[in-house]
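As a plain string of letters, each chain reads:
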Amino acid sequence: MKNTNKITELEIFRPSPYEGYSVSTLGNVRNDKTGRILKPGRTKLGYSIVTVGGHSRLIHQLVMSTFMPISDTEASTLTDIDHINADRSDNRLSNLRRCTHSENLHSAHRLALIRHACIALDKNGTVIMQASSISEMAEMLNLSTGCVQGHLVHGGQTRNGITFKRAIKAETRRVAA
């Protein structure tokens, strides 16, 4: 017997803190005047972004400020918004939580992003460098950690033709030898 049960999430729009725009529980941003859903762009780090009120805004921050506003006192402690499933483009209210910066850094998916071994490949795909973390790789190549992480997430080459890959343990041992 085939199971046809499906879980669906209801999309509820509420007026955002920015006049003329509404935000939904599924992470959609709507222009109230035209009724059009805004098409999000992406930051280098993979976050969804839209232009609201003449300024670029991160969608996960819009969702949280619309549906779960907090006081200034709480905001001084709960400074970060965490994507529970580690997908920065999944801005559903059910996938977001407020947390301290320390909690955000210690979440398992965040540690995997920061402390994961990384390798650099030349234009031919030959490993030219290895590092135990993204920040170490960035330091060795005199790049920002955001640049290295952005290339890891989205692919593509740097101006020098270098691409980055996460290193699995077998690769790290082989290259280190």
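Conventions and cut-offs
- Residues numbered from 1 in each chain as written.
- Predicted model: local features only at pLDDT ≥ 70, side-chain atom pairs only at ≥ 80, totals over all residues.
- Heavy atoms only, no water.
- Pairing = 2+ DSSP bridges.
- Helix = DSSP H or I, 4+ residues; strand = E, 2+ residues; numbered from the N terminus.
- Axes fitted to C-alpha atoms, helices over the stretch in contact; angles between N-to-C directions.
- Contact = heavy atoms within 4.5 Å.
- Buried < 20%, exposed > 50% of the residue type's maximum accessible area, 1.4 Å probe, protein only.
- Core = buried A, V, L, I, M, F, W, Y, C linked by side-chain atoms within 4.5 Å.
- Polar contact = N/O pair within 3.5 Å; in protein donor to acceptor, adjacent residues only side chain to side chain.
- Phe/Tyr/Trp six-rings, centres within 6.5 Å; stacked < 30°, edge-to-face > 60°.
- Lys NZ or Arg CZ within 6 Å of the ring centre and 35° of its normal.

**A look at the sheet that holds strand E11 (residues 163-166)**
In space, the 3 strands of this open sheet follow the order E10-E9-E11, with antiparallel pairing throughout. On the outer flanks of this sheet lie strand E10 (127-131) and E11, each paired with one strand and no other. Across this sheet, the average inter-strand angle for adjacent strands is 25°, counted without regard to direction. Where strand E9 (residues 118-121) lies against E10, 4 bridges are found, and the strand directions are antiparallel. Bridge pairing links Ala-120 to Met-129 in E10. Of the strands in this sheet, E9, E10 and E11 are in contact with helix H5 (residues 134-141), which crosses E10 at around 125°. On top of the sheet, helix H6 (residues 145-154) reaches E9 and E11; it is set at about 75° to E11, its chief contact.

**Considerations on helix H1 (residues 59-67)**
Of all 9 residues that make up H1, 7 are buried, and the element is covered over most of its length. By the burial criterion, the buried members of H1 are Ile-59, His-60, Leu-62, Val-63, Met-64, Thr-66 and Phe-67.

**Description of the environment of Leu-38**
Tracing the backbone shows Leu-38 in the loop between strand E3 (29-31) and strand E4 (41-42). C-alpha separation for the pair Leu-38 and Thr-51, spaced 13 residues apart in sequence, amounts to 8.3 Å. With residues up to four places along the chain from it excluded, the contact list for Leu-38 reads Tyr-21, Val-29, Asn-31, Val-50, Thr-51 and Val-52.

**Things to note about the pairing of strand E7 (residues 80-83)**
Alternating positions in E7 separate into two faces, Asp-80 and Asp-82 on one and Ile-81 and His-83 on the other, with burial throughout. Note: E7 against strand E8 (residues 96-99), 4 bridges, orientation antiparallel. When the sheet's bridge partners are listed, Asp-82 is paired in E8 with Arg-97.

**Quick notes on the nonpolar core**
Ranked by internal contacts, the top residues of the largest apolar core, which has 13 residues, are Val-23, Val-29, Leu-38, Val-50, Val-52, Leu-62 and Val-63. Those elements that provide at least two residues to this core are strand E2 (21-24), strand E5 (48-52) and H1. Of all the elements, H1 adds the most residues to this core, at 5 residues. Counting residues in hydrophobic clusters, the runner-up holds 10 residues, among them Cys-118, Ile-134, Ala-138 and Leu-152.

**With respect to the sheet that holds strand E6 (residues 55-58)**
Read from one edge of the open sheet, 3 strands run E4-E5-E6, paired in antiparallel fashion. A strand with exactly one partner marks an edge of an open sheet, and here the two such strands are E4 and E6. Sheet topology note: the E5/E6 ladder contains 4 bridges and is antiparallel. Each bridged residue has a counterpart across the sheet, and for Ile-49 the counterpart in E6 is Leu-58. Its contacts with the sheet put H1 on E5 and E6, and the angle it makes with E6 is roughly 75°.

**Remarks on the side chain of Ser-22**
Secondary-structure assignment places Ser-22 in strand E2. Within the structure, the side chain of Ser-22 is placed 2.7 Å from the side chain of Asp-32, a separation counted as a polar contact. Discounting residues that sit within four places of it in the chain, Ser-22 has contacts with Phe-13, Arg-14, Pro-15, Ser-16, Asn-28, Val-29, Arg-30 and Asp-32.

**Overview of the packing of aromatic side chains**
Counted under the stated rule, the structure contains 0 aromatic pairs. Over the aromatic face of Phe-13 sits the side chain of Arg-30, whose NZ or CZ is 4.1 Å from the ring centroid.

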